[in-house]
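# Reading the structure
Each chain, written out:
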Amino acid sequence: MADHQPTQALSVEGNSSNMESSDISSASLPTDSTQDDQTDDGSDQDSVTSDLSTQDYTVSLKDDLRKALDNVKVAGSFASFRKLSRTPPDGFYVDGVGDVAMPLGETQARQLIAKARQAPYGRGSETIVDTSVRNTWEIDAAQFSFNNQRWPGYVRHLCSRVAADLGIKSPIRAEIYKMLIYERGAMFKSHTDTEKIPGQFGTLVVALPSAHKGGDVVVKHCGDQKTFKTSEHGQSFICWYSDVHHKVCPVESGYRWVLIYNLALDPNAVRPSAGLVRSETEALRHILLKWLQEPGESRQKGLYYVLDHHYTEASIKLNNLKTRDLAIGQVLNNLSKELDFEVFFALLEKEEFGEAEVDHSKFYNVYREEGEESSEEEPFLCIEELIEVDYRVKTVRDMFGKPVVDGLALDPEEEILQDDGELFADDDPEQEYEGVMGNTGPTVTHRYRSTAVLLVPSASILEFFEKNMQKLSRKTRQSLISYCARSSLSCLGSNMHRATLLFQAAMDLAKRSTTTSDARSTVWPKNPLIDGNDLMSILKVAIELRDYDSFADACLNQNAGIPTSFFAWTKQWFKRSNTDSRFQCFELGLSCVVDSYPDLSDRLAALTNLIPKPEDADWPASLRDEISTWVHGKLEESLGDLLMKEKVGDGDGKTIIEMALILPDPSRFLSTSVVPLLDPERQSIAFFIALLARLWKEVSADVVPRDDGFAIYRTIAKQLLASADLSTLRPKGGIKPEHGTKRQRTSYDGSNKRPSKKQLLRTVASNTLVKFFEKLVKISTPDDDLATQFITKLNDAVPRLPVDHMHNLWLPFLWCLIPILTANGIPLTTPVYQSLYRNMLTRYIQEYVRTQPAPSNSLVRPPVNCPLLHCPDCNALNFFLQSPTEEVERFDVGKKARRHLHEMLDERGIDCTHVSERGTTPNTLVVTKTFTQEEPLMKEWKERKAYAASRLRIFETYSQAMPELRVLLGEQFDRIMNMQDVYPNPAGARRTAPRSLASASGLVMGRTRVGASGSSLSTTAPVAGVKRSRSVSLEDGVETVDLTED
């Protein structure tokens, strides 16, 4: 079927309506409308409160609360099976097979298997194939498709049934995963599924028409077990939650043919209510109220209720809960909006340790699907004698899955509502075996895990966590502050009393000293345990509660970096609260927050968010005037603080103009508040140029009046030109590294250190500098030529310009300068411009390329630095190295001495070769002076010269054939462009003939020197740390060998 156009059904959402629609993405399940539509006027709570004053618990808090939570019921099961009366739509196409008919016949079954692969599974960190564990064939979803347009509607229909059976009231997304074929003997041992797509909660298995016997699916969860027989129906489906253990029994005959879908919910979607009527939660509300009315000193501080399903740290949050767990989480979350208690999720752990006994009737296995960790099948080790049992809480999370606390102690008898036997008895524990050690027999550790909901009265939140932790660490306190802050803010509209309790807890934790353990303090520490977002939540709650003292206290001592959006929220609060006489209560705190921003741009953003705009005309006039006056004062104060410092850069220059624009009279602000504070000796040139560039933009757009704006521009530019040192400018992006060196981060001073902040503030791009000069040309007058003043200033700075800055800053500036000069009719024969080009290019060539290195004729080499005092071998070697006439030396010394001389020469990096000759006793070390180290110097010089030539050629791009540059350089054009200054004086002799490798004959301290008539050996320079290779000379029967082979 080469012409077919398959319709991929890889992902659909379930909806019981419009079952035959081909729209894959837009369908969704209907929401069960079983919620009570009646309004709550609070009368029920009042009556309950009055009743509880005389009522006690039926049994006890723990028993009554457990029973109430046990009674939270929902429709749905952990797994479901249904037969399907209707045959799936045809048009099922498999690559390499074609359309597959239903029911599946023998011939096509064999064809499918031929295109399939043996399905693997995960064991530990490996993905392996082991048919004793999993024996089935699989075909990936990319290899098949559904050509019938009815297929998406068919799957949506199945999803609606899955939702009903599993008790889900949210849209389900079904994503095709695999096709499996089970032939005779095929099976898969017990395992659980992993999350393969975001939001996955379960699996859907569609059994397609194919005659077979056996292949039953057995599912098990929380002590319940179900067996589903796909062989008894033509077509059927099975679904289960991901943490359900399931296995496929061996197929006895035929072919079990199934499609596997991953089932997922939108993890970010708001889950609908569990649909519980008010009467079902009334008892729970009564018990919680009674708990909260107990005296604080004797009240139970927290209780755990273990959920039905298991969750991981990554998946534990309200929207990911399943069936009854979701109902419990939702009802408790809703009750916490009206009652003063906190709802968390907790991962509980139980660890049993004791003497081991092998139980061969049970295996510790739980095999998992491909990609999930598991363990090899091994005998389950029972604990014959229990030695120790330990309980702990691994982690506590809020309703959204955010961490709150890790590593809590746990008292199961006092704090868990259910009995221990109900919690872990049905789980397959992890086990850790330790064999016989000395007189101790084999031991085993079993680890069980459960997930629970944790209830804590809001007034007891700090006591509960302090009680179950030896010490509240800094990280724990930060997490608790974060939770209390955001939870306090979130419940302001629904439960003001709870918000107040959480606010007080957050303030208490934030005030704790960072240096005195957990000691309580009434003083806010200088290094608070809180970040900007959490502190913003605390400040918002303080404002809502009208707690002005706490607001000021937090603002005065904070350094957490509050987001500037806080000021936009504060503005809206003033607008809706209609309090025109309360702004003075916030002035001090808001000033501290503004002053805490190190960057002027953040201060401006904060103040801009707060200042009234024309659309705020409905505000009380007194409030508008009060805030506007305060904002204007803070702008001038912030400007003064900034400009008195040296750490201002181009970003600050732009921000100052933006500050002026939010004021009624920008020109007046610039003239009276900004210009007097400008000082080129304190602020960087980059700051001035950025400020002037933004001012020019606003003047050109008539945002600032032209006459005033250009006058201010000229005043600031003249301030800059009067005292600025242009040699302090640095190119943006750093400097070009030297040729011949590795490319690495380079500072502006040529070192490899990270550039300082002060250096970064001086950076400017070459095009920014060009635009600045162009503006100076436009604004110059015959009586006040700012452009010429700038070039004169630059001419004076040329001798001080770091040559490395010329590559990316000054050469590009010179390139672009020529078109500006010609476009504005400035004569190229003007002396100041000719001087600039001649001086800068000459200095660039002389300082960057430098004079060509002349070859040396000297045979003198530096001595080695021997650590041994009076070493005769090194003394003899140094005598030779420092000789101006000797080029080759032979040392007849033993192996140890030769090795020592080799090491000394390599360590010092002497320009010579040194090899051992075998054939004499002792062997001879031959040292020959060379001139190889001159080669890298010449190579680097040629690279610098070639690079400089390429930069000079760029002038052709900006001035074709360079006639303008020739005018600017005048008679020096050829000298500069040909880089004649880099060649040495002709009097400097250059070696053109090779040196003789022979030297005068004679002996030095018993060592043999090669005479003028003696033969010389051809050698290569050794490299330190690299093994020297063996070479053999057939002349004179002398063998040259590597010393390391002796």
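Residues numbered from 1 in each chain as written. Predicted model: local features only at pLDDT ≥ 70, side-chain atom pairs only at ≥ 80, totals over all residues. Heavy atoms only, no water.

### Notes on the overall build of the protein chain
When you go through the protein chain residue by residue, the secondary structure sums to 32 helices and 36 strands. Across the protein chain, contacts joining residues at least 24 apart in sequence account for 76% of those joining residues at least 6 apart. (Helix = DSSP H or I, 4+ residues; strand = E, 2+ residues; numbered from the N terminus. Contact = heavy atoms within 4.5 Å.)

### Here we look at the sheet that holds strand E4 (residues 98-99)
Pairing in this open sheet of 3 strands is antiparallel, and the strands run E4-E3-E10 from one edge to the other. Two strands lie at the open edges of the sheet, namely E4 and strand E10 (144-146), each paired on one side alone. As judged from the 2 bridges shared by strand E3 (residues 92-94) and E4, these two strands associate in the antiparallel manner. The residue of E4 that forms the bridge with Tyr93 is Asp99. (Pairing = 2+ DSSP bridges.)

### Some thoughts on the side chain of Glu886
Mapped onto the fold, Glu886 is located in the loop between helix H27 (872-881) and strand E30 (888-892). At 3.4 Å, the side chain of Glu886 and the side chain of Thr885 are in polar contact. (Polar contact = N/O pair within 3.5 Å; in protein donor to acceptor, adjacent residues only side chain to side chain.)

### Points about unusual backbone geometry
Put simply, Met102 and Pro103 share a cis peptide bond, and its omega is 5°. Assignment of secondary structure puts Pro103 in the loop between E4 and helix H3 (106-115). Even without a glycine there, the phi angle at Arg546 is positive, about 55°. Among the secondary structure elements, Arg546 is positioned in the loop between helix H12 (532-544) and helix H13 (548-556). In this structure Arg546 comes out as partly exposed when scored by relative accessible area, which is 38%. (Buried < 20%, exposed > 50% of the residue type's maximum accessible area, 1.4 Å probe, protein only.)

### Notes on the packing of aromatic side chains
In the structure shown here, the tally under the stated rule is 33 aromatic pairs. Ring geometry for Phe464 versus Phe465: centroids 5.2 Å apart, planes at 75°, classification edge-to-face. Accessibility expressed as a relative area gives 1% for Phe464, which makes it buried. Each member of the aromatic cluster is reached from another via a ring pair, and the members are Tyr548, Phe551, Trp573, Phe574, Phe583, Phe586 and Trp630. Cation over ring: Lys929 sits above Phe880, and NZ or CZ is 4.6 Å from the ring centre. (Phe/Tyr/Trp six-rings, centres within 6.5 Å; stacked < 30°, edge-to-face > 60°. Lys NZ or Arg CZ within 6 Å of the ring centre and 35° of its normal.)

### As for the confidence of the model for the protein chain
Within the protein chain, residue pLDDT values average 79, and 77% of them lie at 70 or more. Predicted confidence is poor over residues 513-524, with pLDDT under 50, and the contacts of this stretch with residues over four places away or in other chains come to 27 contacts. Predicted confidence is poor over residues 737-757, with pLDDT under 50, and the contacts of this stretch with residues over four places away or in other chains come to 39 contacts. (pLDDT = per-residue confidence, 0-100.)

### Some words on the side chain of Ser460
Its place among the elements puts Ser460 in the loop between strand E27 (443-457) and helix H9 (461-467). Side chain to side chain, Ser460 and Arg299 meet in a polar contact 3.4 Å long. Ignoring anything within four residues of it in the chain, the contact list for Ser460 reads Arg299 and Lys301.

### Here's the deal with a negative patch on the surface
Where like charges cluster on the molecular surface, the negative patch consists of Glu355, Glu357, Glu384 and Glu385. Elements supplying a minimum of two residues to the negative patch: strand E22 (341-364) and strand E24 (378-397). (Patch = residues over 30% accessible without salt bridge, like charges linked within 9 Å, V, L, I, M, F, W, Y side chains within 5 Å. Areas by Shrake-Rupley, 256 points an atom, 1.4 Å probe, with all protein chains shown as cover. Salt bridge = Lys/Arg side-chain N within 4 Å of Asp/Glu carboxyl O. Lys, Arg positive; Asp, Glu negative; His and termini not counted. Charge placed at Lys NZ, Arg CZ, Asp CG, Glu CD.)

### Thoughts on the environment of Val699
Tracing the sequence through the fold places Val699 in helix H20 (residues 685-700). Placed 14 residues apart in sequence, Val699 and Tyr713 show a C-alpha to C-alpha distance of 9.4 Å. Residue contacts for Val699: discarding those within four places in its chain leaves Val704, Arg706, Gly709 and Phe710.

### As for helix H4 (residues 151-166)
The terminal C-alpha atoms of H4 lie 22 Å apart, and with 16 residues this matches the ideal 22 Å at 1.5 Å per residue to within 8%. Of all 16 residues making up H4, 14 are buried, and the element is well covered by its neighbours. Directly after H4, the chain includes Gly167, whose backbone phi takes a positive value near 75°. (Expected span 1.5 Å × (residues − 1).)

### As for the pairing of strand E21 (residues 303-306)
In E21, alternate side chains face the same way, and those of Leu303 and Tyr305 on one face and Tyr304 and Val306 on the other are all buried. Strand direction decides the pairing type here: E21 and E27, joined by 4 bridges, are antiparallel. Note that in E27 the partner of Tyr304 across the bridge is Leu454.

### Focus on the pairing of strand E31 (residues 912-918)
Within a regular strand, the side chains alternate between the two sheet faces. Of all 7 residues that make up E31, 6 are buried, and the element is covered over most of its length. In this structure, E31 lies alongside strand E32 (residues 924-929), joined through 6 bridges in antiparallel fashion. Residue pairing in the sheet places Cys912 in a bridge with Lys929 of E32. Between E31 and the antiparallel strand that follows it, E32, lie 5 residues; Gly919 among them carries a positive phi value of about 140°.

### Details of helix H10 (residues 474-490)
Taking 1.5 Å of rise per residue, 17 residues should cover 24 Å, and H10 covers 24 Å from first to last C-alpha, within 8% of that figure. A large share of H10 lies buried, amounting to 12 of its 17 residues. Along H10, the positions that sit buried rather than exposed are Thr476, Arg477, Ser479, Leu480, Ile481, Ser482, Tyr483, Cys484, Ala485, Arg486, Ser487 and Ser488.

### Thoughts on the pattern of salt bridges
Under the counting rule described, the total for this entry stands at 36 salt bridges. In this structure, Asp702 engages Arg706 in a salt bridge whose closest nitrogen and oxygen atoms are separated by 2.9 Å. For Asp702, a relative accessible area of 54% translates into the label exposed. Note on Arg706: relative accessible area 39%, which makes it partly exposed. Residue Arg975 is joined to Asp981 by a salt bridge in which the shortest nitrogen-to-oxygen separation is 2.5 Å. Look at the salt bridges and you will find they share partners, linking Glu349, Glu351, Asp390, Arg392, Arg447 and Arg449 into a network.

### Some words on the packing of H13 against helix H15 (residues 584-596)
Between H13 and H15, the least distance of the axes is 8 Å, while the angle of their chain directions is 20°. Classified by the angle between their axes, H13 and H15 sit roughly parallel to one another. Here H13 and H15 pass one another in a crossing that is left-handed. On H15, the residues touching Tyr548, Phe551, Cys555 and Leu556 of H13 are Cys585, Phe586, Leu588, Gly589, Leu590, Cys592 and Val593. Looking at the contact of H13 with H15 residue by residue, the class counts come to 10 nonpolar, 1 polar and no charged. (Axes fitted to C-alpha atoms, helices over the stretch in contact; angles between N-to-C directions. Parallel < 35°, antiparallel > 145°, perpendicular 65-115°, else oblique. Left-handed = near helix turned anticlockwise from the far one by under 90°. Nonpolar A, V, L, I, M, F, W, Y, C, P; charged D, E, K, R; others polar.)

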